[in-house]
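For reference, the chains in residue letters:
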Amino acid sequence: MHKNILVLNGHPDPQSFCAALADAYVEGAKEAGADVRVLRIGELAFEPSLKFGYRQRTELEDDLLLAQESIRRADHLVFVYPTWWGAMPAVMKGFVDRVFLPGFAFKYRTGSALWDKLLTGKTARLLVTTDTPSWYNRLVYRKAGLRVMKQNILQFCGVTPVRTTEFGPVKPSSPERRAKWLEQARRLGERLS
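For the structure given in this document, a descriptive report is provided here. Bear in mind the structure is a predicted one, so any value in this text is a computation, not a measurement.

Observations concerning the layout of surface pockets
For step 1, the next point in the chain: Its boundaries defined by the atoms lining it, the largest pocket holds a volume of some 220 Å³.
For step 2, the next point in the chain: Lining the largest pocket are 16 residues, and of these Thr-83, Gly-86, Ala-87, Asn-137 and Tyr-141 sit closest to its centre.
For step 3, the next point in the chain: By residue number, the principal contributor to the lining of the largest pocket is helix H5 (residues 144-154), which donates 3 residues.
For step 4, the next point in the chain: Taken together, the residues of the lining of the largest pocket break down into 8 nonpolar, 6 polar and 2 charged.
For step 5, the next point in the chain: The residue makeup of the lining of the second largest pocket, split by class, is 9 nonpolar, 1 polar and 1 charged.

Structure follows, in structure tokens:
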């Protein structure tokens, strides 16, 4: 059972459907007795650009130091975000670039192509909204954006398993359909998955 859960809302709009999904998940997780923290990435004060890449260190802002501590503390990470242009929003990508750094999330080995996964022992759930039909995303795009978040970022850093739940298409959905999706998110939180 995951006791410490960190929910990261990657949608920059605090009134988005993603915010409602995050709230529903949090409600379910709290009902199950979990200790839940929430980070709204769009409300954090930080420079999203990794200006110098890894050539020169960019000091972390207080909000990013808090984010790293929250990630360290968490057993289970829940990322809630929309798919825009096939991937996560820019502010969330900037957050990942600035937070999931060498020495925190992974560490390259000297003289080797291999690396140490520093977030091993954590699990994750992606709650992702989209306006692309699921079948089209799977067959045409091959879930490229989900694969980047799941494999290239989280599993690269040792987070496994990473489970995904897609909600969509959102734009044409009815209020009844959205209510069902919110209930689904709440149930996922209740199951702490």
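Focus on the pairing of strand E1 (residues 4-9)
Within a regular beta strand, the side chains point alternately toward one face of the sheet and then the other, so they alternate between its two faces.
For step 1, the next point in the chain: Most of E1 is tucked away: 6 of the 6 residues are buried.
For step 2, the next point in the chain: With burial as the criterion, each face of E1 is covered, one bearing Asn-4, Leu-6 and Leu-8 and the other bearing Ile-5, Val-7 and Asn-9.
For step 3, the next point in the chain: Judged from the 6 bridges that link them, E1 and strand E2 (residues 35-40) form a sheet pairing that is parallel. Bridge assignment links Asn-4 to a residue of E2, and that residue is Asp-35.
For step 4, the next point in the chain: Handedness of the crossover joining E1 and E2 through helix H1 (residues 17-31): right-handed.
For step 5, the next point in the chain: Where E1 lies against strand E3 (residues 76-82), 5 bridges are found, and the strand directions are parallel. Residue Ile-5 lies in a different strand from E3, and its bridge partner there is His-76.

A closer look at empty space enclosed by the protein
Unoccupied space between atoms shows up once a probe the size of one water molecule is rolled over them.
For step 1, the next point in the chain: Applying the stated criterion to the full structure yields 1 cavity of 30 Å³ or more.
For step 2, the next point in the chain: In this model, the largest cavity occupies a volume close to 30 Å³.
For step 3, the next point in the chain: Of the residues that constitute the lining of the largest cavity, the class distribution is 2 nonpolar, 3 polar and 3 charged.

About the criteria used
- Along each chain, residues carry numbers from 1 onward, in the same order as the chain's sequence is written.
- Side-chain atom pairs in this predicted model are given and counted only at pLDDT of 80 or more, local residue features only at pLDDT of at least 70, and totals for whole chains, interfaces and linings cover all residues.
- With hydrogens and water stripped out, all remaining heavy atoms of the structure feed into the side-chain values.
- Whether a set of points on the 1 Å grid over the protein atoms alone is a cavity depends on a 1.4 Å probe fitting there but being unable to get out, while an open set qualifies as a pocket with protein on both sides within 12 Å along at least five of seven lines; lining residues are those with an atom within 4 Å of a point.
- Grid points are joined across faces, edges and corners, and a volume is the space filled by probe spheres set on the points.
- Working definition: helices are DSSP H or I runs of at least four residues, strands are E runs of at least two. Numbering for both runs from the N terminus.
- Residues are grouped as follows: nonpolar covers Ala, Val, Leu, Ile, Met, Phe, Trp, Tyr, Cys and Pro; charged covers Asp, Glu, Lys and Arg; every other residue, Gly included, is treated as polar.
- Residue exposure (1.4 Å probe, protein chains only): buried if accessible area is under 20% of the type maximum, exposed if over 50%, otherwise partly exposed.
- Two strands are said to pair when DSSP picks up at least two bridges between them.
- The handedness rule is simple: strands pointing away from the viewer, and a clockwise path from the first strand over the helix to the second, make the crossover right-handed.

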